[in-house]
Amino acid sequence: MPTPIVIVSDALPGDAVAALEAVCDVRRVDGRDREALLAALPAADALIVRSGTRVDAEVLEHATRLRVVARAGVGLDNVDTATARALGVTVVNTPDANSVSVAELTVGLVVASVRRLTRAARSVGAGEWRRADFAGSELSGRVLGIVGFGRVGRQVARRLAAFDMRVLVHDPYADTLGDDVHATGLDDLLAVSDVVTLHLPRTPATAGLIGARELAIMKPTAHLVNTARGGIVDEDALHRALTTGALAGAALDVFATEPPGASPLLALENVVAVPHLGASTAEAQSRAGHEAVRRVLAELAPLSAPAPTTV
Ligand SMILES: NC(=O)c1ccc[n+]([C@@H]2O[C@H](COP(=O)([O-])OP(=O)(O)OC[C@H]3O[C@@H](n4cnc5c(N)ncnc54)[C@H](O)[C@@H]3O)[C@@H](O)[C@H]2O)c1
Ligand SMILES: O=C(O)CC[C@@H](O)C(=O)O
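What you see is a predicted model; the values in this text were computed from it and never measured.

**Student:** Tell me about the site of ligand 1, and name the residues and values.
**Tutor:** Neighbouring residues of ligand 1: 24 residues in total, closest Arg151, Val152, Asp171, Thr227 and Asp253. One nitrogen or oxygen atom from the main chain of Val152 is found 2.8 Å from an oxygen atom belonging to ligand 1. One nitrogen or oxygen atom from the side chain of His276 is found 3.3 Å from an oxygen atom belonging to ligand 1. Within the complex, 87% of the 860 Å² of free accessible area of ligand 1 lies under protein.

Printed below as a string of structure tokens:
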């Protein structure tokens, strides 16, 4: 019986790959090297990716033996799930693996934005001591608006409630909310929140959800945090809001295009930008890697099971 071939095209923890290597022929390819990826795919029974590999129709059509694509992480916006379905390829992800890590980064970005931490740190690094220039505001007693109340949004609510923030939520699909969390429409949330944080998927329906109109509704003293996906926020409109005093600050883990190149947002004093680090903890990567491997092996099991005996 042939050993299943698994392509790993983004970084996975070594022990998760070792577990896979014990039973599969594992081939590592750089998912950003399109040519190498397309060349490796015809032999593949499974493909494991993070966010760095674009699994579009061309990729799926090259992978004529493919049974499963595993996304070690949550967002499936880099996988063409409709084409996969049409070709009979199963798509799996690891939805619980990184929620805590993303929530913790979100708290860090909220604090960094309202207390101007990155600007202050850069200034001290440059030999300055400008205490008066970096006054911020407390979170206690302020309103936190969470857009998208799934796994990450709920973890963020718990953590920022402990800062004594009042938590508002907008999520048209969430059925239970919990104590001390109040549901509201998007415009109402934007109008009253001191910090708005996004925790919804990027889909055709949510692309550009936070545009010029929505930013204009926000308080000029408010901060916007995005650890969900680039493209949910209109970056040109955000740049205008931040440079005209319509919005106090933004903290961004994700960008419409990654890496964001020479995005003018990166040069702004009132922007805290990090390179898609939400899931980049040892714990989240270990959970996501092992869960992705477990799910791939479950999908491939029929390939390596002994042939049924006939009587
Ligand atoms: N920065 C990172 O590294 C990182 C890591 C994990 C997840 N993410 C992103 O965060 C997103 C959220 O992750 P999650 O695990 O909480 O997902 P989830 O599926 O548990 O929750 C998403 C929530 O968004 C809600 N939603 C959908 N459309 C909405 C809309 N138009 N308005 C308001 N709410 C809406 C859904 O009802 C759901 O409750 C993911 O889709 C992913 O893109 C980023
Ligand atoms: O691959 C990553 O580290 C990012 C993962 C994250 O964006 C996700 O959707 O799970």
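Still more to cover.
**Student:** Give me helix 7 (residues 151-161): which residues, what numbers.
**Tutor:** The complete set of buried residues in helix 7 reads Val152, Gly153, Gln155, Val156, Ala157 and Leu160. On the buried face of helix 7, the contacting elements are helix 5 (99-114), strand 6 (143-147), strand 7 (166-170) and strand 9 (195-198).

**Student:** An account of the pattern of salt bridges is needed here, citing residue identities and associated values.
**Tutor:** The full count for this structure, using the stated rule, is 14 salt bridges. As a salt-bridge pair, Asp194 and Lys219 come within 2.9 Å of each other at their nearest N and O atoms. Here Lys219 lies in the loop between helix 9 (212-217) and strand 10 (223-226) and Asp194 lies in the loop between helix 8 (186-192) and strand 9, a separation of 25 residues in the sequence.

**Student:** Tell me what's going on with the UniProt feature "domain: D-isomer specific 2-hydroxyacid dehydrogenase NAD-binding" (unreviewed entry) in the protein, and back it up with residues and numbers.
**Tutor:** When the UniProt feature table is mapped to this numbering, "domain: D-isomer specific 2-hydroxyacid dehydrogenase NAD-binding" (unreviewed entry) covers residues 107-278. End C-alpha to end C-alpha, residues 107-278 measures 11 Å, and it is 29% helix and 16% strand.

**Student:** Outline the sheet that holds strand 3 (residues 46-49), supporting the account with residue identities and numerical values.
**Tutor:** Sheet architecture is open: five strands sit in the order 2-1-3-4-5, paired in parallel fashion. In this open sheet, the two strands that pair with only one neighbour each are strand 2 (25-28) and strand 5 (90-93). Neighbouring strand axes in the sheet, compared pairwise and without regard to direction, differ in orientation by 20 degrees on average. Taken together, the four bridges between strand 1 (residues 5-8) and strand 2 define a ladder with parallel strand orientation. Note that in strand 2 the partner of Ile5 across the bridge is Asp25. In this fold helix 1 (residues 14-21) packs onto strand 1, strand 2 and strand 3, with an angle of close to 140 degrees to the strand it touches most, strand 2.

**Student:** Describe the site of ligand 2, and please don't skip the residues or the numbers.
**Tutor:** Close to ligand 2 lie Arg50, Ser51, Arg71, Gly73, Val74, Gly75, Asn98, Arg229, His276, Ala279 and Gln285, which account for all nearby residues. Notes on ligand 2: free accessible area 290 Å², of which the protein chains cover 93%.

**Student:** Describe the sheet that holds strand 12 (residues 271-273), and please don't skip the residues or the numbers.
**Tutor:** Taken in spatial order, the seven strands of this open sheet run 8-7-6-9-10-11-12, and their pairing is parallel. Where the open sheet ends on each side, the last strands, each with one partner, are strand 8 (181-183) and strand 12. For this sheet, the mean inter-axis angle between neighbouring strands, taken without regard to orientation, is 20 degrees. Where strand 7 lies against strand 8, three bridges are found, and the strand directions are parallel. Bridge pairing in strand 8 links Val167 to Val181.

Reading the values: rules and limits
- Residues numbered from 1 in each chain as written.
- Chains lettered and ligands numbered in written order.
- Predicted model: local features only at pLDDT ≥ 70, side-chain atom pairs only at ≥ 80, totals over all residues.
- Heavy atoms only, no water.
- Near = heavy atom within 4 Å.
- Polar contact = N/O pair within 3.5 Å; in protein donor to acceptor, adjacent residues only side chain to side chain.
- Areas by Shrake-Rupley, 256 points an atom, 1.4 Å probe, with all protein chains shown as cover.
- Buried < 20%, exposed > 50% of the residue type's maximum accessible area, 1.4 Å probe, protein only.
- Helix = DSSP H or I, 4+ residues; strand = E, 2+ residues; numbered from the N terminus.
- Contact = heavy atoms within 4.5 Å.
- Salt bridge = Lys/Arg side-chain N within 4 Å of Asp/Glu carboxyl O.
- UniProt positions renumbered as here; feature names shortened; annotations may be inferred.
- Pairing = 2+ DSSP bridges.
- Axes fitted to C-alpha atoms, helices over the stretch in contact; angles between N-to-C directions.

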